[in-house]
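If you want the building blocks of each chain, they are given just below.
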Amino acid sequence: MALLEVENLSTSFYTYAGEVQSVSGVSFHVDEGEAVGIVGESGCGKSVTVQSIMRLIPNPPGKIKNGQIRLAGRDLVRLPEKEMQKIRGKEIGMIFQDPMTSLNPVLTIGRQMTEVLQHHEGIGKNEALGRAAKYLTMVGISNPERRLKQYPHEFSGGMRQRVMIAMALLCNPKLLIADEPTTALDVTIQAQILELMKDLKDKVNTSIILITHDLGVVAGLCSRIIVMYGGKIVEMGSTQDIFKDPRHPYTWGLLKSVPRLDASKRSKLVPIVGSPPDLLNPPKGCGFAARCPHAMKICETQPPAYTDLNEKHRAACWLLHPDAPKVTFNGIDEKEARS
Amino acid sequence: MSNEVILEVNNLVKHFPINEGFLSRENKKVHAVNGISFKLHQGETLGLVGESGCGKSTAGRTIIRLYEATSGEAKFMGRNIYDLSKKEMMTVRRDMQMIFQDPYASLNPRMTVGDIIGEALDIHHLASGQKRTNRIYELLETVGLNSEHANRFPHEFSGGQRQRIGIARALAVNPKLIICDEPISALDVSIQAQIVNMLEELQEQLGLTYLFIAHDLSMVKHISHRIAVMYLGRIVEITTSQDLYDHPMHPYTQALLSAIPIPDPDVELKRSRIVLEGGVPSPIDPPSGCYFRTRCPKAQQQCAQTTPELKDCGNGHLVACHLV
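Residues numbered from 1 in each chain as written. Chains lettered and ligands numbered in written order. Predicted model: local features only at pLDDT ≥ 70, side-chain atom pairs only at ≥ 80, totals over all residues. Heavy atoms only, no water.

(A) Spatial organisation of the interface of chain A and chain B. The partner chain B presents 41 residues to the 41 residues of chain A that form the contact. For the pairing of chain A and chain B, the buried interface totals around 3,700 Å² over both sides, and the portion due to carbon and sulfur atoms is 58%. Our count for the chain A to chain B interface comes out at three salt bridges. The partner of D264(B) in a salt bridge is R260(A), with the nearest N and O atoms 3.5 Å apart. In this assembly, chain A and chain B are joined by ten residue pairs in polar contact (both at pLDDT 80 or more). Its residues assigned to classes, the side of chain A that touches chain B comprises 16 nonpolar, 13 polar and twelve charged. (Contact = heavy atoms within 4.5 Å. Buried area = accessible area lost by both parts, 1.4 Å probe. Salt bridge = Lys/Arg side-chain N within 4 Å of Asp/Glu carboxyl O. Polar contact = N/O pair within 3.5 Å; in protein donor to acceptor, adjacent residues only side chain to side chain. Nonpolar A, V, L, I, M, F, W, Y, C, P; charged D, E, K, R; others polar.)

Structure, rendered in structure tokens:
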């Protein structure tokens, strides 16, 4: 069953230069106990999408222009701020990108962790500290009683990210949003955090939205992937669909531009030429047309509609139109990389 | 790639003193680089990888003498650069250039792109007047920009374009060796490939030698001929990039390789991961013996007592571990 349904979400920022359409017409859903990855380059609207779900868009200059965000049937967009506060931290937990700046440096970890519990569940201080200690143990922090009395600067980056995860999970949220949770961390620490999130998904049955620009990270953790470009979803499908049978040229570009550690041949990388579109004046047609090696005339004038390829897999590209020339993804094919 | 050694680093050490307490006495030191040795051949790319804080950037900066070495030597084309006077160093710098990590911070915002690139030509008296202008245009075109860009300021460019300007600046003096300090880690994936391809093309055209410092092992493996893995200021393993991936011998390299996610769900599903406990110890007070022993799953008693030296395990595959 769908836990979260986002329908036709559009979020814009009104600046002196004009309206920046960061997210335009995004629809997707997240099932219970499912991990969904959102990938894309910086500025493609992935963070704004989840910040809209959490209603964390600063207004002004930002505004959710359009659309619905339903969490277990309730529309979050129209909820009063008071009600929304009961959802943040309790029903949706969020882990931010930078563990160095998202903790308050002048409060102890214990104080910051129990704040959530006291606010949402109204339980006493000691009970809250006990529960906080239990969660710290769960995320692999030893000696939690002593750790709760420490300040953020006494923790390393990986440890702080663990604290953030424990904090996001304290009220047993149904949905955990992780906005680039490992980007600021080293690979060995990233491996620890990803193992932890995988464990939590299996044990607690939390739904996860994982935002990242690293395709390797989503390949291991997520069962479905959403590819965003220029504020729109260009392709989404099961992890198998996206990696084995991608249909959008942008997804091809992403897959071909990263070197694989297990590739034996020193093959040339295929970069995506040019740079992302200016969302102040979004292009009339397909946002990717200017950088797409297969762009046709129609791509520049009309935005492509979604083509459903199977139950879960859909892509927005004119190449999928029955009359379009047949272009397929080739190059990073497994057999070729291995030979 | 020839057999001529262009750079030879012997037992390079760089410690940073921490001044604290009464009269700012030196009580402690940050052991950033703890005796690294390697050779770099003409036309080769040597990747230097490791986690943050392992001293890889400090090593790069010490080799180009942005920092004075605490001890050890770096022989560039036969001459130890730490023995050179300021004047002699100027001529060496013409052959040895650096590309920095942050393309936003490494370009002066108040200078035009033309002047940023031209500054190197002025300092080394390489060109002036019309010749200087032509050389700047030529360099801009080499890195995939065009001559119109010379009169613009850095803020008018995107991250990838700025990194191109940084590369053009490094190329201005026709260097032989370029130290690339995380040149792509601040860029988006699709742009990273553009820069890496360009670096590879420039190497072919101009016969450049690179010391490529980065933490992204899959990118380093792609661009490098050989890779040196650093941990807490020491090189723990050094070999050709394919050999490092196929036969990693040091437990740290094995863990590092297994931690890197591969963009393929089938491979990810089957892989077993060596997850290291804890984090990197503080370089102010590193552990005795082998620095990695506190996190090493195979550590034994002798690892705490003696420091393992780099040993040749055949075909130039060097490993610093008691257990191999």
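Alright, that's what it looks like, and here's the rest.
(B) Representation of the packing of aromatic side chains. Overall, the coordinates contain seven aromatic pairs over all chains when judged by the stated rule. Judged by centre distance (5.2 Å) and plane angle (85°), the ring pair of F16(B) and Y67(B) falls under edge-to-face. Of this pair, F16(B) sits in strand β1 (residues 5–20) while Y67(B) is found in the loop between α1 (56–63) and β4 (71–76), placing the two residues 51 residues apart along the sequence. Here Y67(B) falls in the partly exposed class, since its relative accessible area comes to 26%. By the ring-pair criterion, three or more aromatic residues cluster together here, those being Y229(A), Y250(A) and F288(A). (Phe/Tyr/Trp six-rings, centres within 6.5 Å; stacked < 30°, edge-to-face > 60°. Helix = DSSP H or I, 4+ residues; strand = E, 2+ residues; numbered from the N terminus. Buried < 20%, exposed > 50% of the residue type's maximum accessible area, 1.4 Å probe, protein only.)

(C) Structural detail: the domain arrangement of chain A. Residue and element names in this part refer to chain A. Domain annotation of chain A identifies domain 1 (2–222) and domain 2 (252–338). Here domain 1 and domain 2 have C-alpha centroids that lie 30 Å from each other. Contacts between the two partners involve ten residues from domain 1, matched on the other side by seven residues from domain 2. In this assembly, domain 1 packs against domain 2 so that about 790 Å² is buried in total across both faces, 65% of it on carbon and sulfur atoms. (Domains from an automatic or database assignment.)

(D) The arrangement of the UniProt feature "domain: ABC transporter" (unreviewed entry) in chain A in detail. Feature annotation in UniProt places "domain: ABC transporter" (unreviewed entry) on residues 4–255 of chain A, given in this structure's numbering. Between the end C-alpha atoms of residues 4–255 of chain A there is a gap of 28 Å, over a span that is 38% helix and 28% strand. (UniProt positions renumbered as here; feature names shortened; annotations may be inferred.)

(E) Structural detail: the nonpolar core. Counting residues in each nonpolar core, the largest one holds 69 residues, and the members touching the most others are M113(A), V163(A), I165(A) and L210(A). A per-element tally of this core places helix α6 (residues 157–169) of chain A first, with eight residues. Mapped onto the domain boundaries, this core takes at least three residues apiece from domain 1 (2–222) and domain 2 (252–338) of chain A. Counting 65 residues, the second-largest nonpolar core is a separate cluster that includes A191(A), I99(B), L232(B) and Y252(B). (Core = buried A, V, L, I, M, F, W, Y, C linked by side-chain atoms within 4.5 Å.)

(F) Summary view of the environment of V229(B). Residue and element names in this part refer to chain B. Turning to its location among the elements, V229 is positioned in strand β9 (residues 226–231). Overall, the relative accessible area of 1% leaves V229 in the buried class. Between the C-alpha atoms of V229 and L121, which are 108 residues apart in sequence, the distance is 35 Å. Look past the residues within four positions of V229 in its chain and what remains in contact with it is V49, R234, I235, V236, E237, L244, Y252, T253 and L256.

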